[in-house]
Amino acid sequence: MFLRALQKSPSTFAARHILHNCTIGTWPKELAQFLRTKGGAIRSFWWCDPDHLRESNVYREFTALMEKTPELCKFVDLQRDKELPAYFAFAQVAQSGLSRADGAVVLGYCNSAVEELVEFAKAPPRASSSESSAPKKTLLQLGLQNKDFKVFVRVRPPLAREAGIAPCCEVSDVDDPRGRTVQQILLKKPNIEETSEFVFEGVFRPEASQDDVWNTLHESLDVVGALLDGIGATVFAYGQTGSGKTHTIDGDGTGIVARIVRDLYSRVTASQIVDAQYFQLYNETFIDLIAPPNRLSVDGSGTIVGARSLQAASAEELLSSIQAGSKYRASGSTDMNDSSSRSHAILSISLCGDVGPSGSSRAGARLFVVELAGSERVKRSGVSGARFSEAVAINQSLLALANVVQALVENGGRPRAHIPYRDSALTHALRDSLGGTARTALIACISSASDSAEETLGTLRFASCATHVQNRAEDAKQEAAEQAQEEQLDEAISGRCVEFSSGEAVIATRAGNIHCYGDLSATDGPLVVMIHYYGHADVSGLMWRSMFDPLRAAGCRYLAPDMPGHGGSEGESSGKPEDYATAGGPVDVIIDLLNACGTKRAILMGYDWGGGIACAVAQHHPARCQRLIAWCASVREPKVMEKFKSMGRKAVLILTTTTTSLGVSTDWRQRPSTRKCCGMLDGPIME
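For clarity, every value in this text was computed on a predicted model and none was experimentally measured.

Cut-offs and rules
- Residues numbered from 1 in each chain as written.
- Predicted model: local features only at pLDDT ≥ 70, side-chain atom pairs only at ≥ 80, totals over all residues.
- Heavy atoms only, no water.
- Pairing = 2+ DSSP bridges.
- Helix = DSSP H or I, 4+ residues; strand = E, 2+ residues; numbered from the N terminus.
- Axes fitted to C-alpha atoms, helices over the stretch in contact; angles between N-to-C directions.
- Core = buried A, V, L, I, M, F, W, Y, C linked by side-chain atoms within 4.5 Å.
- Buried < 20%, exposed > 50% of the residue type's maximum accessible area, 1.4 Å probe, protein only.
- Contact = heavy atoms within 4.5 Å.
- Salt bridge = Lys/Arg side-chain N within 4 Å of Asp/Glu carboxyl O.

Q: Run through the sheet that holds strand S11 (residues 233-239), naming residues and quoting values.
A: One open sheet holds the 10 strands; their spatial order is S10-S6-S20-S11-S19-S18-S12-S13-S14-S15, and the pairing between them is mixed. Bordering the open sheet on either side are strand S10 (202-204) and strand S15 (304-305), each of which pairs with just one other strand.

Q: Tell me what's going on with the sheet that holds strand S8 (residues 181-188), and back it up with residues and numbers.
A: Taken together, three strands build an open sheet; the order of strands is S7-S8-S9 and the sheet is antiparallel. One side of each edge strand has no neighbouring strand; the edge strands of this open sheet are strand S7 (169-175) and strand S9 (195-200). Neighbour to neighbour, the strand axes of the sheet diverge by 25 degrees on average, direction disregarded. Bridging between S7 and S8 involves seven bridges; their strand directions are antiparallel.

Q: Please provide a residue-by-residue account of the nonpolar core, values included.
A: Counting residues in each nonpolar core, the largest one holds 50 residues, and the members touching the most others are Phe200 and Phe286. Counting residues per element, this core draws most heavily on helix H12 (residues 386-409), at eight residues. Excluding anything up to four places from it in sequence, Phe200 contacts Thr138, Leu140, Val151, Val153, Val182, Gln183, Ile185, Leu460, Ala463, Ser464 and Thr467. Counting residues in hydrophobic clusters, the runner-up holds 47 residues, among them Phe152, Phe204, Leu217 and Ala237.

Q: An account of the pattern of salt bridges is needed here, citing residue identities and associated values.
A: This structure, assessed with the given rule, holds 19 salt bridges. Lys150 is the partner of Glu201 in a salt bridge, and the nearest nitrogen-oxygen pair spans 3.4 Å. In this pair, Glu201 is assigned in the loop between S9 and S10 and Lys150 in strand S6 (residues 149-156), connecting sequence segments 51 residues apart. Judged by relative accessible area, which is 6%, Lys150 ranks as buried. For Arg552, the salt bridge is made with Asp519, and the minimal N-O distance between the two is 2.9 Å. One end of the pair, Arg552, is in helix H16 (residues 545-553); the other, Asp519, is in strand S22 (residues 512-519), and 33 residues separate them in sequence. Classification of Asp519 as buried rests on a relative accessible area of 16%. Look at the salt bridges and you will find they share partners, linking Lys147, Asp148, Arg439 and Glu474 into a network.

Structure representation (structure tokens):
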């Protein structure tokens, strides 16, 4: 149980741990990283009995961990590694029911054992390289810019109760190391000489309008455009209670939500439907704000399940529903805020129908607008009872958020092995926004009043750390494009098939009618496309005839075309590798044949010229290549072969030879350049 708890929330526990006969079904692979980050170690003991065998995974993993990193783990087999009872004393108890064995063994502590374990437990943590390598400056202060995770700061105007209180921070325009104009915040805590400096891409001064905030956000990170491209996006408002988050996000219809919704409806097409959900996270429980008080669940991927969807016909209709739902959001009065939000509010928007530049959306792409409840010090907010419980839940989820951000950047701006997304329902649900494939904007809201200097400093430190978070929106963009291609391919091959008569058929392609030998009767088997070498009319797909029966017996489908100008096919073909991918060339022929056969992917096998064509198809249409077998491939560019590394050893087979066994009388010799190409591959090379 302890290892499971450590895996779920490593920040909860101290650095050093003592275990005895530990058992766990799935070993936490991140254990070594946890211990390194903490500067800690484990002392684990094992007493072999019918419930704790040396063949178990735990015994094996602890042994390996000690051998690999002895500074992190000492694993002691008490029946092998220690003289008993010199280390531990044991007493045999014959009473039944205490153990599944014949009796029970009770551990008796020797003074030497106790002293050793106490000394181990009290030892201070080792210096953690992860903690010391966390970025100390914002990304802009290092002269860099974050494309997919933007951080802004908004300074709230002084409240009436803050009249006469001196400001703790000032904002000024400065040039970053690359000469760009950015904003600097200098913060000075009362009675302390030290000044903290932060530089951000955009800082909104107290006089900034809602228009200023939206225009800067829209120009810097088009979150609506990201959703339309099938990528997904998130806007966070973060800060202490009473710092202006609700005004920034809602603003009585002038905030981020209204502007995103109106912008989205002005850009969707007639075939696209806006689907919205609105819910709150209250005391670590998601509650539907469209259908309150329905409680929602979260699946293993962090997706909110059970929320009612809104599919409004217009922006104003959707905004009216959101406004109505906001009235059910938990709120209350505290000493720091007359109307303090006591929950995190999340608006989730997705699109149904055709989405994205290629006419398709990446599955699950969403736009989140998140107004986080404010962090608060209970001593200042004066809450008690239910409000105190709310404050604890809010602060715990915000701490989990801070821990996730820290984990994403603590290795010199790079993520560590384990990111604790599951420590809170908030971070679990929004994991794609934090180091994932979404585009994210964080608006950190602060007060300039000196009595809030401590909270403001904490917010700015969080925002500074967040500037280093690296999302991977390009991965999502690529995924959306691939999904669009997949759907277009489904449409292209839908209902198509070729009827073979006596093992032969003629198929129309962009290069003319192609005579083919084949058998597609094994409907569930893979399709193997065999491409012959370059020659004259007497060279045809029949060079592969010895393969037909074995492939059929193996449950495969096969296709052996006579390429243009060969065998029974009309037209002509160029033997030059640079002509493989020209319009109407060999690559187009193979793709047209696959489409005609109603096949998405095929095993491509080619010899000499045909091997070069197979490589060219795999290069230009990787989604259509299930496996690649290139025999003496005619390829002149080594870089072409190098691209197949990502396909792996199981997907690529390169064959080279000095003679052929397929009825070709020529003594064919492999070009040195192609041999060099083959040497670059991860796949096997067979002589």
